[in-house]
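# What the coordinates show
Residues per chain, in single letters:
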Amino acid sequence: MNLNLTLAFQVLFFIVFVWFSKKFVWVPIMGALNERKTRIADALAAAEKGQMAEQEGRDQAIQVISEAKTQASEIIGKAERHGARLVEEAKSDAKEEGARIMAATQAEIQTEINKAKESLRSQVSELAVAGAQQILRREIDGKTHARLLDELAAKL
Amino acid sequence: MASSESITSGEFIRHHLTNLTFGRHADGSWGMAQTGAEAAEMGVMAVHVDSLFWSFVLGALFLWMFRRVAVRATSGEPAMLQNFCEWIVEFVDENVRGSFSGKNDLVAPMALTLFCWIFLMNLMDLVPVEVIPRFLALFGIHFQKVVPTTDPNITFALALSIFFLMIYYSIRVKGPGGFAAELIMHPFEAKNPVLKILFIPLNFFLEFVSLISKPISHSLRLFGNMYAGEMIFILISLMFGAGITLTLFGGFLQFIWAVFHILVITLQAFIFMVLTIVYMDMAHQHH
């Protein structure tokens, strides 16, 4: 074992290397490591917060949806009732209208009938008179029996 | 090495265990040692150029790689290299947190430096023994040990630096009195003042031995493991060039030993780092 000046130089190297390593290697690398540690912790916290916000948003969305559903069903119910009413109204209107039209038609028919009866009556009386004139021309004086004939016509 | 047929196995091994040495010759002039004997004659006034070169290059490689990451370090999504470096940094940080209870910003970066640096130096052991020396021999450099941790100078330098830091922090944290008390008041304690004084030399002897043994065991553990591993690689490489059968067998052995050694080099780097952390923790502990 020959110890010599090599030892002194190696001590010198050691001092320089350790100094360099501490100042220019250890400190920046540990700094980066610690910074990353805090960044990861922050990111995790943010993620948790985001998750909570998402859950909250989801709950809110569910609530909004259920509200919308009840509202929609209310509106649909209303609309159905309204429609039914409209149909009922239309039905009753139609019935009334029908009845009115029917009544008017019947009245018209009645007048027509009456008119026809009237004209028939007058025609029949004329016909009867004409017949009677034919038959009685010679035997019966018109003027004498005019009163009788009128009576007959009134009776008809 | 220029492995001619004439040299013996002993010479081959000795050659591979000789550092490229620069120092003061016996006649007072400075220069490269041309032979192992010359290098040995230089004594203390010598420098192992190869150990220091590789130690410096590998340490610089570690710092360069981590510095590149540190410059671009982002708290966002890390890229491949950043991920890798952060993994190592966090691994070291976890070890420091687990074993070191004091407050000292130096310990963790020091542990990181030691772990990566020693790992890289040990890793040189996996480069086949002959490759770099033979390549350098082409340029007239005849000695080359590429694994700095097989040089006791390197491991002792690291262990001694840590030892002195340990004493420095012990005195700073506990005060000179506290440090002295730690040396002379344990492990034998007594209420009786006379007995207390009698125990001082015994305590001091025991504590001093345990104190001194720390840097020695710290450095020798790393050195011994790496030296032995390197020695086995050298022995295996002796088989190459001794016939086709032995060469193939040697290749197989080298593979097995290299796979096993991956574990050893990582483990030794880790042990060195952990012991550093533990020693630093001892220095910071109050009693």
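What you see is a predicted model, and the numbers here were worked out from it, not measured in a lab. (Residues numbered from 1 in each chain as written. Chains lettered and ligands numbered in written order. Predicted model: local features only at pLDDT ≥ 70, side-chain atom pairs only at ≥ 80, totals over all residues. Heavy atoms only, no water.)

With a probe scaled to a water molecule rolled over the atoms, the places where space remains empty come into view. Evaluated as defined, the whole model comprises two cavities of 30 Å³ or more. Put simply, the largest cavity is a space of about 60 Å³. Looking at the largest cavity, the residues that line it are His16(B), Met124(B), Asp125(B), Val127(B), Val129(B), Pro133(B), Gln144(B), Lys145(B), Val146(B), Val147(B) and Glu230(B). Partitioning the lining of the largest cavity into residue classes produces six nonpolar, two polar and three charged. By volume, the second largest cavity amounts to about 40 Å³. Residue lining of the second largest cavity: Ser125(A), Ala128(A), Val129(A), Leu149(A), Leu152(A), Ala153(A) and Leu156(A), and that is the complete set. (1 Å grid on protein atoms, 1.4 Å probe; cavity = no way out; pocket = protein on both sides within 12 Å on 5 of 7 lines; lining within 4 Å. Points joined across faces, edges and corners; volume = space filled by probe spheres on them. Nonpolar A, V, L, I, M, F, W, Y, C, P; charged D, E, K, R; others polar.)

Bringing the sheet that holds strand E3 (residues 46–48) of chain B into the picture now. What links the strands of a sheet is backbone hydrogen bonding, and the strands pair in either a parallel or an antiparallel sense. Residues and elements named next belong to chain B. Strand order across the open sheet formed by three strands is E2-E1-E3, with antiparallel pairing between neighbours. Each edge of the open sheet carries a strand with a single partner, namely strand E2 (30–32) and E3. If you compare each strand with its neighbour and ignore which way they point, the axes differ by 15° on average. Sheet topology note: the strand E1 (residues 21–24)/E3 ladder contains three bridges and is antiparallel. What sits directly across from Thr21, in E3, is His48. (Pairing = 2+ DSSP bridges. Helix = DSSP H or I, 4+ residues; strand = E, 2+ residues; numbered from the N terminus. Axes fitted to C-alpha atoms, helices over the stretch in contact; angles between N-to-C directions.)

Turning our eyes to something else, we now look at the packing of helix H5 (residues 107–123) of chain B against helix H7 (residues 152–184) of chain B. Residue and element names in this part refer to chain B. The N-to-C vectors of H5 and H7 enclose an angle of 170°; their axes lie 12 Å apart at closest approach. It follows that H5 is roughly antiparallel to H7 by the angle criterion. Judged by residue contacts, Met110, Leu114, Trp117, Ile118 and Met121 of H5 engage Ile154, Leu158, Ile162 and Leu165 from H7. Tallied by class, residues from the contact of H5 with H7 come to nine nonpolar, no polar and no charged. (Parallel < 35°, antiparallel > 145°, perpendicular 65-115°, else oblique. Contact = heavy atoms within 4.5 Å.)

Here is a general trend for soluble globular proteins: nonpolar side chains tend to be buried in one another's company. Phe66(B), Val92(B), Leu112(B) and Met280(B) are the most contacted members of the largest nonpolar core, which has 64 residues in total. Among the secondary structure elements, those contributing two or more residues to this core are helix H1 (5–136) of chain A together with helix H3 (49–72), helix H4 (80–99), H5, helix H6 (131–137), H7, helix H8 (193–238) and helix H9 (244–284) of chain B. Among the elements that make up this core, the one with the highest residue count is H5(B) (12 residues). Among residues more than four places away in sequence, those in contact with Val92(B) are Trp26(A), Ala108(B), Ala111(B), Leu112(B), Phe115(B) and Met273(B). Counting residues in each nonpolar core, the second largest holds eight residues, with Val129(B), Ile234(B), Trp257(B) and Ala258(B) among its members. (Core = buried A, V, L, I, M, F, W, Y, C linked by side-chain atoms within 4.5 Å. Buried < 20%, exposed > 50% of the residue type's maximum accessible area, 1.4 Å probe, protein only.)

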